[in-house]
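Here is how the chains run, residue by residue.
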Amino acid sequence: MDDTGELLSIGAFGRRVGLAPSALRFYDDCGVLRPARVDAATGYRRYAAGQVARAVRLRQLRAAGLPLVDVEVVLDGPDDAARGVLRAHLERTRRAADEARAVVEGFLQEATGEPVGRGGRVRARVGGPELASAVRQVAPAAAAGATREQFPVLGCVLLELADGEVRLVATDRYRMAVRVLWPEVFEGDGGRVLIAAETAQGMAEWAVRQVAVEMECGAGAGTQAGVSLRMRSGGGRGDVAQWTHACGPNEAGDPGEFPDYRLMVAGLETGRHRLIVDRDGLRDAVAGRSGVVSLTSGVGATDTGDGAQSEAAQVLEVAGGDREPVRLRAVRTGPGVRIAFDPAAFVPVLEAGVGPDVLLEIAAADRPVVVRSADQGSFTTLVMPVRAGTRG
């Protein structure tokens, strides 16, 4: 195909440039990669062959971990600004790689080995580091302290094998984290087990050292006592470490029934406001504040006549908690928004996130806020906002 005017469907264009249709829709919403034409009747997006180079650069920059606001600078900003953004990101990447290398080398020095347990009817195989990452993202949302004493089930992580997926879920009533993994192998109808949060963390420490992990658990929709989970290394030659753990409601002292997370997710309202901001920058701006923190973007700001946002509308201000306000670059869709969070609940959500950017989908100031990676939908967290006048 040449550039003579023939347009590509979103699916065909996505296959050519290596981007999923959902990512292309997201980049359209953010104004980074607009389609060449949108059908007024159907809403179908069409892309020109001349947009391939930009789309490929966009994909490569995102794969390299650049926040969306920095990608915009590289694609559309002055050359000196683009070079500055790239140099800064390269330095951050080097530091992160050094830290990760030190952690992995430490784990590799440890010996492993656990006794073999009994198997079950459902079997799945996932990457070891991927499973470890999922546990570490989800487990912080499990309840602790008085909430766990009152509701022991909330101190557990739900591991569910169903519909060809491996799902990990945790909630303390004020936040909920869900991570979905797509296994290389899945056999059986389905099963679910409850694992105490501390045990799940130990499972992650073991799994991160395995190339792959094969898990088996008892079948059935319920989490009945006696249901067991068995894990063993699915790694390469010579990697014979096995990990076995019997679990179920009786593990935490008959904790009760785990909340129906599907019902909670299905009941969410569509967000009127969407904010995309650098995840580390937002975490640092919120962390260390002693009270309720407010996030404000676009309140009182006006959009430009061509539909683009004014400079004021592209800023997220983080204020409160006995610290000076911090202003961050942001991408906002929908009307201006002001919302407040308790840092004790909000910071762990940001720390557990995936990717360089965080996407906040806000329906209302008193409704659960969906927090996810801007373009990776496998990890989702819900966090309840608070009233701006409330003290944490």
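Just so you know, these numbers come straight off a predicted model, no measurement behind them. (Residues numbered from 1 in each chain as written. Predicted model: local features only at pLDDT ≥ 70, side-chain atom pairs only at ≥ 80, totals over all residues. Heavy atoms only, no water.)

Looking at the side chain of Asp70
Residue position: Asp70 is located in helix H4 (residues 68-76). The class for Asp70 is buried, based on a relative accessible area of 9%. Not counting residues within four places of it along the chain, the set of residues in contact with Asp70 comprises Val85, Arg92 and Arg329. (Helix = DSSP H or I, 4+ residues; strand = E, 2+ residues; numbered from the N terminus. Buried < 20%, exposed > 50% of the residue type's maximum accessible area, 1.4 Å probe, protein only. Contact = heavy atoms within 4.5 Å.)

A closer look at the sheet that holds strand E1 (residues 7-9)
With antiparallel pairing, the three strands of this open sheet are ordered in space as E1-E3-E2. Two strands bound the open sheet, and with one partner strand each, they are E1 and strand E2 (37-38). As paired elements, E2 and strand E3 (residues 45-48) share two bridges and run antiparallel to each other. Each bridged residue has a counterpart across the sheet, and for Val38 the counterpart in E3 is Arg45. (Pairing = 2+ DSSP bridges.)

Observations regarding the nonpolar core
Judged by nonpolar contacts, the single largest core of 34 residues is most densely connected at Leu131, Leu159, Val166, Leu168, Met215, Leu229 and Met231. When neighbours within four sequence positions are excluded, Met215 is seen to be in contact with Val122, Arg123, Ala124, Val126, Leu131, Leu159, Leu161, Val166, Leu229, Arg230 and Met231. With 28 residues, the next largest nonpolar core counts Phe13, Val17, Leu68 and Leu75 among its residues. (Core = buried A, V, L, I, M, F, W, Y, C linked by side-chain atoms within 4.5 Å.)

Points about helix H3 (residues 52-63)
Helix length check: H3, at 12 residues, gives a terminal C-alpha distance of 16 Å against a target of 16 Å (1.5 Å per residue), a fit within 8%. Burial in H3 covers these residues: Val52, Ala55, Leu58, Leu61 and Arg62. Positive phi shows up at Gly65, right after H3, with a value of about 90°. (Expected span 1.5 Å × (residues − 1).)

A short note on helix H2 (residues 21-30)
Quick reminder: α-helices carry 3.6 residues per turn. Residues three or four places apart thus point the same way. Buried within H2 are the following residues: Ala23, Leu24, Phe26, Tyr27, Asp28 and Cys30. Considering only its buried residues, H2 is in contact with helix H1 (10-17), E3, H3, H4, strand E13 (273-278) and strand E16 (326-333). One or two positions beyond H2, positive phi appears at Gly31, with a value near 80°.

Here's the deal with the packing of H3 against H4
Axis separation between H3 and H4 bottoms out at 10 Å; the angle between their running directions is 140°. The angle between H3 and H4 falls in the class oblique. Where H3 crosses over H4, the two elements pack in a sense that is right-handed. Contacts from Arg54, Arg57, Leu58, Leu61 and Arg62 in H3 reach Leu68, Val71, Val74, Leu75 and Asp76 in H4. Per-class residue counts for the contact of H3 with H4 are six nonpolar, no polar and four charged. (Axes fitted to C-alpha atoms, helices over the stretch in contact; angles between N-to-C directions. Parallel < 35°, antiparallel > 145°, perpendicular 65-115°, else oblique. Left-handed = near helix turned anticlockwise from the far one by under 90°. Nonpolar A, V, L, I, M, F, W, Y, C, P; charged D, E, K, R; others polar.)

Description of the confidence of the model for the chain
On average, the chain scores 80 in pLDDT, and the residues at 70 or more come to 78%. The lowest-confidence element of the chain is strand E12 (residues 242-246), averaging 48 in pLDDT; the highest-confidence one is E3, averaging 95. Here residues 304-308 is a poorly scored stretch, pLDDT under 50, and it has three contacts once near neighbours within four places are set aside; other chains count. (pLDDT = per-residue confidence, 0-100.)

Structural notes on unusual backbone geometry
Within the chain, Asp163 stands out as a residue other than glycine whose phi angle is a positive 55°. Inspection of the secondary structure puts Asp163 in the loop between strand E5 (156-162) and strand E6 (165-171). Unlike most non-glycine residues, Arg173 shows phi in positive territory, near 85°. Relative to the elements of secondary structure, Arg173 occurs in the loop between E6 and strand E7 (175-181). Classification of Arg173 by relative accessible area gives partly exposed; the value is 46%.

Considerations on the sheet that holds strand E17 (residues 337-341)
Here we have 12 strands laid out as an open sheet, ordered E9-E5-E6-E7-E20-E19-E18-E13-E16-E15-E14-E17, and antiparallel in their pairing. Each having just a single partner strand, strand E9 (190-196) and E17 make up the two edges of the open sheet. When strand polarity is set aside, the average angle formed by the axes of neighbouring strands in this sheet is 25°. Note that strand E14 (residues 293-297) and E17 share five bridges and pair antiparallel. Paired with Ser297 across the strands is Val337, a residue of E17. Seen against the sheet, helix H8 (residues 197-207) touches E5 and E9 and runs at an angle of roughly 105° to E9.

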